[in-house]
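# Breakdown of the fold
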Amino acid sequence: MPSLCYTGASRFSGATIGRVMAAYERGDPSVAGALDGIRGVAETMPAALLAGDLARVGTLLSANWRLQQALDPGMCTPVMARLERAMVEAGVLGGKAAGSGAGGSMFFLCPDDPAPAIAAARELGMRLLPVRWAREGVRRC
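Below, the structure is looked at part by part. Being a predicted model, the structure only gives us computed values, none of them experimental.

What follows deals with the pattern of salt bridges. As enumerated under the stated definition, the model contains four salt bridges in all. The residue Arg-19 makes a salt bridge to Asp-72 at a minimum N-O spacing of 2.9 Å. Here Arg-19 is found in helix H1 (residues 13-25), whereas its partner Asp-72 is found in the loop between helix H3 (54-71) and helix H4 (78-89), with 53 residues between them in sequence. Among the residues examined, Asp-72 registers a relative accessible area of 6% and is labelled buried. Across the salt bridge formed by Glu-43 and Arg-39, the nearest N and O atoms sit 3.6 Å from each other. With a gap of four residues between them, Glu-43 and Arg-39 both fall in helix H2 (residues 29-51), about one helical turn apart. We classify Glu-43 as exposed; its relative accessible area is 58%.

Put into structure tokens, the structure is as follows:
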């Protein structure tokens, strides 16, 4: 079951994206490596989704998030780091920032019983947003 948590802070991605682009244009090997890794995760994700392998999907979501953070330290705010720790302790299968990070929302893939993750997010004051799987792509709930 997916869970989308609003961190309570607007996303300030412009500066973050600007720093990543500047590092890429300078030829920073860590940025190039992270971008290559993100592409690899994206290429692997469809097979995991089609197979219904939610454990693998969760692992890939978390791998993507680690790679996003490698692009720029500002990708993960302290609030996002606390939320991620709490959700991992609550047993989520994986998760990542929705979008470019640096605030906004985080997406987590919960096990069959999402109650511990929901409770952990609420305990931190996060707003849970409605989300569900859709074959057709993103749709308004």
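Still to come is the rest of the account.
Before going further, it helps to spend a moment on the pairing of strand E3 (residues 105-109). The buried count for E3 comes to five of five residues, which makes it a mostly enclosed element. The two faces of E3 match: Ser-105, Phe-107 and Leu-109 on one face and Met-106 and Phe-108 on the other face are all buried. Pairing of strand E2 (residues 94-97) with E3 involves four bridges; the strand directions are antiparallel. Within E3, the position partnered with Gly-94 by the bridge is Leu-109.

The next point concerns H2. In this model, H2 (23 residues) spans 34 Å end to end at C-alpha, consistent with the 33 Å of a helix rising 1.5 Å per residue. The largest bend along H2 reaches roughly 30 degrees and is located at Thr-44, with the proline Pro-46 sitting one to four residues downstream. Residues Val-31, Ala-34, Ile-38, Val-41, Met-45 and Ala-48 constitute the buried set of H2. Immediately downstream of H2, the backbone of Gly-52 shows phi near 70 degrees, a positive value.

This brings us to H3. Its 18 residues place the ends of H3 26 Å apart at the C-alpha level, agreeing with the 26 Å of an ideal helix rising 1.5 Å per residue. When H3 is considered as a whole, its buried residues turn out to be Val-57, Gly-58, Leu-60, Leu-61, Asn-64, Trp-65, Gln-68 and Leu-71. Angular distribution of buried residues about the axis of H3 spans 165 degrees; they occupy a single face of the element.

What follows covers the side chain of Asn-64. Within the fold, Asn-64 resides in helix H3. On the accessibility criterion, Asn-64 (11% relative accessible area) is buried. Those residues in contact with Asn-64, other than ones at most four positions away along the chain, are Ile-38, Val-41 and Lys-96.

Turning to the side chain of Ser-105, a few remarks are in order. Looking at the element boundaries, Ser-105 is found in strand E3. Those residues in contact with Ser-105 that sit more than four places away from it in its chain are Leu-4, Cys-5, Tyr-6, Thr-7, Ala-97, Ala-98 and Leu-129.

Bringing the nonpolar core into the picture now. Core analysis: the biggest nonpolar cluster contains 25 residues, and Cys-5, Trp-65, Leu-71, Leu-83, Met-87 and Phe-108 have the highest contact counts within it. Listing elements by their share of this core, those giving two or more residues are H1, H2, H3, H4, E3 and helix H5 (115-123). Here this core takes five residues from H4, the largest share from any one element. In contact with Leu-83, not counting residues within four places along its chain, are Cys-5, Thr-7, Met-106, Phe-108, Ala-121, Leu-124 and Met-126. Within the second largest apolar cluster, nine residues are counted, among which are Met-45, Ala-48, Val-57 and Leu-60.

Calculation rules
- Residues numbered from 1 in each chain as written.
- Predicted model: local features only at pLDDT ≥ 70, side-chain atom pairs only at ≥ 80, totals over all residues.
- Heavy atoms only, no water.
- Salt bridge = Lys/Arg side-chain N within 4 Å of Asp/Glu carboxyl O.
- Helix = DSSP H or I, 4+ residues; strand = E, 2+ residues; numbered from the N terminus.
- Buried < 20%, exposed > 50% of the residue type's maximum accessible area, 1.4 Å probe, protein only.
- Pairing = 2+ DSSP bridges.
- Expected span 1.5 Å × (residues − 1).
- Bend = angle between axes of the 7 residues up to and from the residue.
- Arc of directions from axis to C-beta.
- Contact = heavy atoms within 4.5 Å.
- Core = buried A, V, L, I, M, F, W, Y, C linked by side-chain atoms within 4.5 Å.

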